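# Commentary on secondary and tertiary structure
Residue strings, one per chain:
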Amino acid sequence: LVVLYALGLGFGGTLAEPALLAFSSAVEALPSGAMHRNALCAVTAAGVGLGLAVGLTKVLLGWPLIVLLLPLYVLGLAVSAFTRELPVGIAWDTAGVTTGEVTTPLILALGLGIAHAVHATEGFGLLALAS
């Protein structure tokens, strides 16, 4: 149940992120019409929610962070190497704007609270997996 809560918290918190709203407007204004603002916000929010749910599962089950984070970064770099420059720039910049003044405190508070409640050794990595 708490993993579903994390999914919703990540999704909702990201939709309220001012940096994402500003960035998505800039992307929509590109001459190529790269992506519609609402679509970019929804996809980004879904990714943050999913990443937060995976990160919370990591805390609950005591998985090492490197086992989750390293394959995801390798995949991201591999896809970046074979994709046009514009989508790659948008993707990496979108990941950066998800760590703003709304999402970060929510994720850190959730991680600290859950790690404390289940007596986990650490709650490290939630923000990295969510962004």
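Further up the page is the structure itself.
Quick summary incoming for the structure in this document.

### What to know about the overall build of the chain
Helix and strand counts for the chain come out as seven helices and zero strands. In the chain, the order of α-helices and β-strands from amino to carboxyl end is α-α-α-α-α-α-α. Relative to its length of 131 residues, the chain is compact, with a C-alpha radius of gyration of 15 Å against a globular reference of 14 Å. Relative to its full complement of 131 residues, the chain shows a buried share of 33%. Restricting the contact set of the chain to residue pairs at least 6 apart, pairs at least 24 apart contribute 75%. When the accessible surface of the chain is summed, it comes to about 7,300 Å², and 74% of that surface belongs to carbon and sulfur atoms.

### Points about the nonpolar core
Ranked by size, the top nonpolar core spans twelve residues in total: Ala6, Leu9, Val48, Leu52, Leu56, Val59, Ile107, Leu110, Ile114, Ala115, Leu126 and Ala130. When contributions to this core are tallied by element, the ones reaching two or more residues are α1 (2–15), α3 (37–61), α6 (103–117) and α7 (126–130). Apart from residues lying up to four places away in sequence, leucine 56 is in contact with Val2, Val3, Ala6, Leu110, Ile114 and Leu126. Ranked by size, the runner-up nonpolar core spans seven residues in total, among them Phe23, Val27, Cys41 and Ile90.

### Observations regarding the layout of surface pockets
When its volume is computed, the largest pocket comes out at roughly 960 Å³. Gly76, Ala91, Trp92, Ala95 and Ser131 are the residues nearest the centre of the largest pocket, which is lined by 33 residues in total. For the lining of the largest pocket, the secondary structure elements donating two or more residues are α3, α4 (65–81), α5 (85–97) and α7. Here the residues of the lining of the largest pocket are counted per class, giving 22 nonpolar, ten polar and one charged. Lining the second largest pocket, in full, are Leu65, Ile107, Leu108, Gly111, Leu112, Gly123, Phe124, Gly125, Leu126, Leu127 and Ala128. The set of elements that each furnish at least two residues to the lining of the second largest pocket consists of α6 and α7.

Definitions and cut-offs
Residue indices begin from 1 for each chain and proceed along its sequence in written order. This being a predicted model, a pLDDT of at least 70 is required before a residue's local features are given, and a value of 80 or more before pairs of side-chain atoms are given or counted; all residues contribute to the totals for chains, interfaces and linings. Note that the side-chain values use all heavy atoms of the structure and ignore hydrogens as well as water. Helix numbering and strand numbering both begin at the N terminus, where a helix is a DSSP run of H or I of at least 4 residues and a strand a DSSP run of E of at least 2. In this treatment the radius of gyration is a C-alpha quantity, and the globule benchmark scales as 2.2 Å times the residue count to the 0.38 power. Throughout, exposure labels follow a simple rule: accessible area from a 1.4 Å probe, protein chains only, divided by the maximum for the residue type, with under 20% read as buried, over 50% as exposed, and the rest as partly exposed. Contacts are assigned to residue pairs that have any heavy atoms within 4.5 Å of one another. Computed with a 1.4 Å probe, the accessible areas rest on the Shrake-Rupley method; for each residue, only the protein chains presented here act as cover. Residues belong to a common nonpolar core when they are buried Ala, Val, Leu, Ile, Met, Phe, Trp, Tyr or Cys residues joined through side-chain atoms within 4.5 Å. Using protein atoms alone on a 1 Å grid, points that fit a 1.4 Å probe yet trap it form a cavity, whereas open point sets bounded by protein on both sides within 12 Å along at least five of seven lines form a pocket; residues with an atom within 4 Å of a point count as lining. Grid points are joined across faces, edges and corners, and a volume is the space filled by probe spheres set on the points. Put simply, Ala, Val, Leu, Ile, Met, Phe, Trp, Tyr, Cys and Pro go in the nonpolar bin, Asp, Glu, Lys and Arg in the charged bin, and everything else, Gly too, in the polar bin.

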